[in-house]
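Listed below, chain by chain, are the residues.
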Amino acid sequence: MSEVFEPRIVAFVCNWCTYLGADLAGTTRLEYPANVRIVRLPCSGRIDFNLLIKAFEIGADAVLVSGCHPGDCHYNTGNYHARRRWMLFRPLLEVLGFDMRRLHFAWISAAESRKFQQTVKQVVEETRQLGPYQYPAPPTDSYGAGREPHKNHFDAAAAQQRAREMLEAKEVDVVIGYGSSGPVFIRRPEDVDQITCEETGLNLAAYLGRKEVRAMGRAAILTKPMDAGALVVLERESQIESGAVKTIPIGEPGKGDFSDLDALLALPPAERMAWWAGEFARCTRCYACRQVCPMCYCERCIADKNRPVVIDTSPTPVGNFAWHVTRAFHLAGRCVGCGACNHACPVGIDLRLLNMAVHRAVAEQFDFNVGADPKAESPIGCWAPADHEEFIR
Amino acid sequence: MSEIISSDNLRKLAAEWIEQGVRVAAPQHAGGRVLYLPLKNSADLLLDAFIHPANSAKEFLFPKSETLYAYRVEGQDVKLVEAPGTETPQVLLGVRPCDAAAFPILDHIFNWDCADELYNRRRRNTTIVVLACSAHDANCFCTSVGLGPASERGADVLLVPLTNDTFEVRSVTEKGRSLFAGKTQTDNVAAMAAAGPEPRFAPDAVRKFSAANFEHPIWGEHALACVGCGACAHTCPTCHCFDIVDEHGERVRNWDSCQFSLFTLHASGHNPRPDQGSRQRQRILHKFSIYPDKFGEILCTGCGNCTRNCPAGLGVLPLLIAIEHEEHLPA
């Protein structure tokens, strides 16, 4: 094969600035490489990250995302929202080891035909140097180390006592606790000894949205140190009323530990990507990670939508990559770090690392504590003029 | 007289097979647990100190995702491209008896109303070397469904641990005999199979109860803690439901699970199994009533993987025990 590699670039651009900039480049006879396929959307705020993933899936070697300069948005703030999302999306791609040289962001106005021409030229040339984009094959000599299942056990006596008090005082109608074979739903004070605090990997807040559980009335749940944050997020997102769910804390709070994440980030990106490919190769798409997550309360998950198919349902390298990116990014600024997904994964994929990367980006960039104040605005639902944009051309 | 092989020689044999281009799948450490995976290095082969891998061996005959055929639009026509399939010989080494017993069941499924060529081709090229169990855990219940720690069902060869590092080789089929021909020594010792778990329930009682109690509250009560994932079905040796999708120009068959709400969702939005209770009931009914009525055997080999892998710690066994209890209550 002596064919010359011609990179395929997909440019997602906004209707009001960059698309007009590209149009102007054409009418003013500014030549730029034909490698770019332009997809026009109403606003950079509408450029969903799934579109970027999809573009790479179906053969793009690089992707350019471009919208109006700050302050110029036709819809006032769409580009600010987009910028905020990219600020969190990039750290996620980084921990996955995605080659960030293939994803370009720019602000190009309707008058900047020359900037459009120059940007496309640069992106094409840089991509030509990188060669075609390929999903990495899993490492051939070893299997992913994953993470060992670990079981927490807590002292059940105090929790039983508190549950009995709450039920006797009719403060709540049901206490959701950990039993000897799965969660138990205690409705009578005399049944509290069914709470054994064994098998405590789940976050019991995941049951609060269930129709059958709602029908039981006011609920109290046993919460491990990181679990109660989920109630804060559910309240912030109007899923539960303030103070409607009581908690019975078990266990002492520990300290957040990012050492595993740092060890992974110390690897070169290509090795990181290959490592994840090995992990994702074991995924069968049983969706246990999603089903146990208190934050995954959507009635119909995007992964289950088939008209059109947003995320491949096949447990292939491409489909699994898209699914796990989506799961992690939909939890940006929402994951409370309870670790239920890790506990649930039957093949031991260390999913927590993806959530931690985004979690740390949220904490560092926006000084935001996910599980603290239900009235605080979600970092992914707002923006600030000072948001950094050194990664945008 | 019996045939024996040392674990060292077994590893050497596995290495030879790999060298010859045979695809060897075996239990090994990965993902912080034991999993059946293609063996790359015979030193990784696990022959003891595990109860049951977290996955099942079915994926080497019925992969989690498989292309049935590809399609291309050419002008006004659609051109179909057959999936190449594979004739690569395969040895499943160190498979537990409860996994092997599932293969005859899968054979029925994939040859019932039409013969599944992709499955059959793989099946023809596969030899199953079973490793008898020397221990069991609280989730095991093979003896309740008519199997045991040294069951030969579905096996071509059965390896029974003799000492710490030798195994008695019992050839069950001609295929198995030829695989180990000339590779074993003869000895006059015979291995004793370990004791299995105490039987926990009677399948017949479950069958009678589930067929007669479609609307019983036990289904909903047990399913209250079920989160509705597919961990049980995907790690079950006998669960075989699949979904067919078109992706990237290929028609692909993927594992599905009756525990997903999407499994029975109609295009109209109506869902005949609207809650987790009805989905759990379906799983039990299928395994202990519907399938036996059709094929005369239970769709469960007692491996316990559904309980082991359930994020909520549920699984089939506690429900079956509860059902038997209900069945024996005075009316």
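Counting of residues starts from 1 at the beginning of each chain's written sequence and follows it residue by residue. Here the convention is simple: chains get letters from A, ligands get numbers from 1, in the order in which they are written. Owing to the predicted nature of the model, reporting of local features is limited to residues with pLDDT of at least 70; listing and counting of side-chain atom pairs is limited to 80 or more, with chain, interface and lining totals taken over all residues. The side-chain numbers reported here are obtained from all heavy atoms of the structure, hydrogens and water having been left aside.

1. Observations regarding the overall build of chain B
Logical step 1: Helix numbers and strand numbers start at the N terminus; a helix is a DSSP run of H or I with at least 4 residues, a strand a run of E with at least 2. Looking only at helices and strands, one finds eleven helices and twelve strands in chain B.
Logical step 2: Radius of gyration: over C-alpha atoms. The globule rule applied is 2.2 Å multiplied by the number of residues raised to the 0.38 power. Computed over C-alpha atoms, the radius of gyration of chain B comes to 21 Å, within 12% of the 20 Å expected from 2.2 N^0.38 for 331 residues, which places it in the range of a compact globule.
Logical step 3: Referenced to the eigenvectors of the C-alpha coordinate spread, the extents of chain B come out at roughly 70 × 60 × 35 Å.
Logical step 4: In chain B, which comprises 331 residues, the proportion classed as buried is 56%.
Logical step 5: Taking the contacts inside chain B whose residues are at least 6 apart along the sequence as the reference set, 70% of them involve residues at least 24 apart.
Logical step 6: Accessible surface is estimated by sampling points in the Shrake-Rupley manner with a 1.4 Å probe; for residues, cover comes only from the protein chains shown. Working note: accessible area of chain B is about 14100 Å², and carbon and sulfur atoms make up 52% of it.
Logical step 7: Charge convention: Lys and Arg are scored as positive, Asp and Glu as negative, and His as well as the terminal groups of each chain are ignored. Here the site of a charge means atom NZ of a Lys, CZ of an Arg, CG of an Asp or CD of a Glu. Considering chain B, the positive charge centre built from 31 side chains and the negative charge centre built from 39 side chains are found 2 Å apart. Working definition: with a 1.4 Å probe on protein chains only, accessible area under 20% of the residue-type maximum means buried, over 50% means exposed, and in between means partly exposed. Contacts are assigned to residue pairs with any non-hydrogen atoms lying within 4.5 Å of each other.

2. Quick look at the pairing of strand 2 (residues 36-41) of chain A
Residues and elements named next belong to chain A.
Logical step 1: By the convention used here, strands pair only if DSSP detects at least 2 bridges between them. The pairing of strand 1 (residues 9-14) with strand 2 spans six bridges and is parallel. Paired with C14 across the bridge in strand 2 is L41.
Logical step 2: For crossovers, right-handed means that the path from the first strand over the helix to the second runs clockwise, given strands pointing away from the viewer. In this fold, the crossover linking strand 1 to strand 2 by way of helix 1 (residues 18-27) has right-handed handedness.

3. So, the sheet that holds strand 11 (residues 242-247) of chain B
All names here are of chain B.
Logical step 1: Reading across from one edge, 5-4-12-11 is the order of the four strands in this open sheet, with antiparallel pairing throughout. The open sheet has two free edges, formed respectively by strand 5 (77-82) and strand 11, since each of these has just one partner strand. Between one strand axis and the next, the sheet turns by 25° as a mean value, whatever way the strands run.
Logical step 2: Pairing geometry for strand 11 and strand 12 (residues 250-255), over six bridges, is antiparallel. Bridging from a neighbouring strand, V245 pairs with V252 of strand 12. Axis lines are fitted to C-alpha atoms, over the contacting stretch for helices. Their N-to-C directions set the angle, which ranges from 0 to 180 degrees.

4. Regarding the state of the cysteines
All names here are of chain A.
Logical step 1: Cysteine sulfurs are considered disulfide-paired once they come within 2.5 Å of each other. As enumerated under the stated definition, the model contains one disulfide over all chains in all.
Logical step 2: Disulfide partner of C17: C68, at an S-S distance of 2.5 Å. Given an S-S torsion of about 100°, the disulfide between C17 and C68 has right-handed geometry. Of this pair, C17 sits in the loop between strand 1 and helix 1 while C68 is found in the loop between strand 3 (62-67) and helix 3 (78-95), placing the two residues 51 residues apart along the sequence.

5. Things to note about the interface of chain B and chain A
Logical step 1: On the chain A side, the residues contacting the 39 residues of chain B number 48 residues.
Logical step 2: Both sides of the chain B and chain A interface together cover about 3300 Å² of buried area, and 55% of this is carbon and sulfur.
Logical step 3: The three residues of chain B that bury the most area against chain A are K40, K64 and L224 of chain B, which together make up 19% of that side's buried surface.
Logical step 4: By the criterion applied in these results, polar contacts are pairs of N or O atoms within 3.5 Å in which, for protein atoms, one can donate a hydrogen and the other can accept it, and in which residues neighboring in sequence qualify only through two side-chain atoms. Run the count over chain B and chain A and you get 17 residue pairs in polar contact (both at pLDDT 80 or more). Defined in terms of a 1.4 Å probe, buried area is the accessible area two parts forfeit on being brought together, summed over both.

6. Concerning the packing of aromatic side chains
Logical step 1: Classification of ring pairs uses Phe, Tyr and Trp, with its six-membered ring standing for Trp, and accepts pairs whose centres are within 6.5 Å; under 30 degrees between planes counts as stacked, over 60 as edge-to-face, and the remaining range as tilted. In the structure shown here, the tally under the stated rule is 30 aromatic pairs over all chains.
Logical step 2: A centroid spacing of 5.1 Å and a plane angle of 65° characterise the contact between F89 of chain A and F329 of chain A, whose relative ring orientation is edge-to-face. Of this pair, F89 of chain A sits in helix 3 while F329 of chain A sits in helix 11 (residues 317-330), placing them 240 residues apart in sequence.
Logical step 3: Feature note: the residues F56, F98, Y133, Y135 and F321 of chain A constitute an aromatic cluster, connected by ring pairs.
Logical step 4: Directly above the ring of F242 of chain B sits R253 of chain B, whose terminal nitrogen or CZ lies 5.1 Å from the centroid. Put simply, a charge is over a ring when the Lys NZ or the Arg CZ is close to the ring centre, within 6 Å, and near the line of the ring normal, within 35 degrees.

7. Some thoughts on the sheet that holds strand 6 (residues 182-186) of chain A
Residues and elements named next belong to chain A.
Logical step 1: Across the sheet, four strands lie side by side as 6-5-7-8; this open sheet has mixed pairing. The open sheet terminates on both sides in strands that have one partner only, identified here as strand 6 and strand 8 (246-249). Strand-to-strand twist across the sheet, computed as the mean angle between neighbouring axes with direction ignored, equals 25°.
Logical step 2: Here helix 5 (residues 156-168) sits on the sheet in contact with strand 5 (174-179), strand 6, strand 7 (219-223) and strand 8, set at roughly 160° to strand 8.

8. Some thoughts on the pattern of salt bridges
Residue and element names in this part refer to chain B.
Logical step 1: What makes a salt bridge here is a side-chain nitrogen of Lys or Arg within 4 Å of a carboxyl oxygen of Asp or Glu, nothing more. Counted under the stated rule, the structure contains 37 salt bridges over all chains.
Logical step 2: A salt bridge links R122 to E66, with the nearest nitrogen and oxygen atoms 2.2 Å apart. Pair noted here: R122 is in helix 4 (residues 117-124) and E66 is in strand 4 (residues 65-74), with a separation of 56 residues, a long-range link. Across the pair, E66 and R122 agree in class, each one buried.
Logical step 3: Note that R253 and D116 form a salt bridge whose closest N and O atoms lie 2.6 Å from each other. Taken as a pair, R253 in strand 12 and D116 in the loop between helix 3 (102-109) and helix 4 lie far apart in primary sequence, 137 residues in all.
Logical step 4: According to the relative accessible area criterion, D116 is buried, its value standing at 15%.

9. As for the environment of V95 of chain A
Residues and elements named next belong to chain A.
Logical step 1: Positionally, V95 belongs in helix 3.
Logical step 2: The class for V95 is buried, based on a relative accessible area of 1%.
Logical step 3: Along the sequence, V95 and A274 sit 179 residues apart, while their C-alpha atoms lie 12 Å from each other.

10. Brief notes about the domain arrangement of chain B
All names here are of chain B.
Logical step 1: Along its sequence, chain B is organised into domain 1 (2-187) and domain 2 (203-327).
Logical step 2: For domain 1 versus domain 2, the separation of C-alpha centres amounts to 25 Å.
Logical step 3: For the pairing of domain 1 and domain 2, the buried interface totals around 3400 Å² over both sides, and the portion due to carbon and sulfur atoms is 59%.
Logical step 4: At the junction of domain 1 and domain 2, the tally comes to four salt bridges.
Logical step 5: Among the ionic pairs, R308 bridges to D137, the shortest N-O distance being 3.1 Å.
Logical step 6: Our enumeration of links across domain 1 and domain 2 arrives at 24 residue pairs in polar contact (both at pLDDT 80 or more). Marked domain ranges trace back to an automatic or database domain assignment.

11. Notes on the domain arrangement of chain A
Residue and element names in this part refer to chain A.
Logical step 1: Domain assignment breaks chain A into domain 1 (9-130), domain 2 (156-199 + 201-249) and domain 3 (259-366).
Logical step 2: Tallying the contact residues gives 15 residues for domain 2 and twelve residues for domain 3.
Logical step 3: Overall, the association of domain 2 and domain 3 removes approximately 1100 Å² of surface from exposure, summing both partners, and the carbon and sulfur fraction of that is 65%.
Logical step 4: Three residues, G201, M226 and E237, lead the burial of domain 2 against domain 3; their summed loss comes to 33% of the area buried on that side.
Logical step 5: Summed over the shared surface of domain 2 and domain 3, the result is one salt bridge.
Logical step 6: E237 serves as the salt-bridge partner of R334, at 2.7 Å between the closest nitrogen and oxygen.
Logical step 7: Our enumeration of links across domain 2 and domain 3 arrives at two residue pairs in polar contact (both at pLDDT 80 or more).
Logical step 8: When residues are grouped by polarity, Ala, Val, Leu, Ile, Met, Phe, Trp, Tyr, Cys and Pro land in nonpolar, Asp, Glu, Lys and Arg in charged, and all others, Gly among them, in polar. Across the side of domain 2 that touches domain 3, the residue classes tally to seven nonpolar, four polar and four charged.

12. Some details on the nonpolar core
Logical step 1: Counting residues in each nonpolar core, the largest one holds 123 residues, and the members touching the most others are V63, L92, V175, Y207 and L222 of chain A.
Logical step 2: Here L222 of chain A is in contact with A159, V175, I176, G177, Y178, I195, C197, L204, I248 and I250 of chain A, once residues within four sequence places are set aside. Residues grouped as a nonpolar core are buried Ala, Val, Leu, Ile, Met, Phe, Trp, Tyr and Cys residues, joined through side-chain atoms within 4.5 Å.

13. Describing unusual backbone geometry
Residue and element names in this part refer to chain A.
Logical step 1: If you check the backbone angles, K170 has positive phi at about 55° while not being a glycine.
Logical step 2: With a phi close to 60°, S238 is a non-glycine residue in the positive phi region.
Logical step 3: Tracing the backbone shows S238 in the loop between helix 7 (229-236) and strand 8.

14. Points about the confidence of the model for chain A
A low pLDDT means the predicted coordinates there should not be read in detail.
Logical step 1: The pLDDT value expresses, per residue, how confident the predictor is, ranging between 0 and 100. For chain A, per-residue confidence averages 90 on the pLDDT scale, and 95% of positions sit at 70 or higher.
Logical step 2: Taken element by element, chain A is modelled with least confidence in helix 8 (residues 259-265) of chain A, mean pLDDT 88, and with most confidence in helix 10 (residues 288-291) of chain A, mean pLDDT 96.

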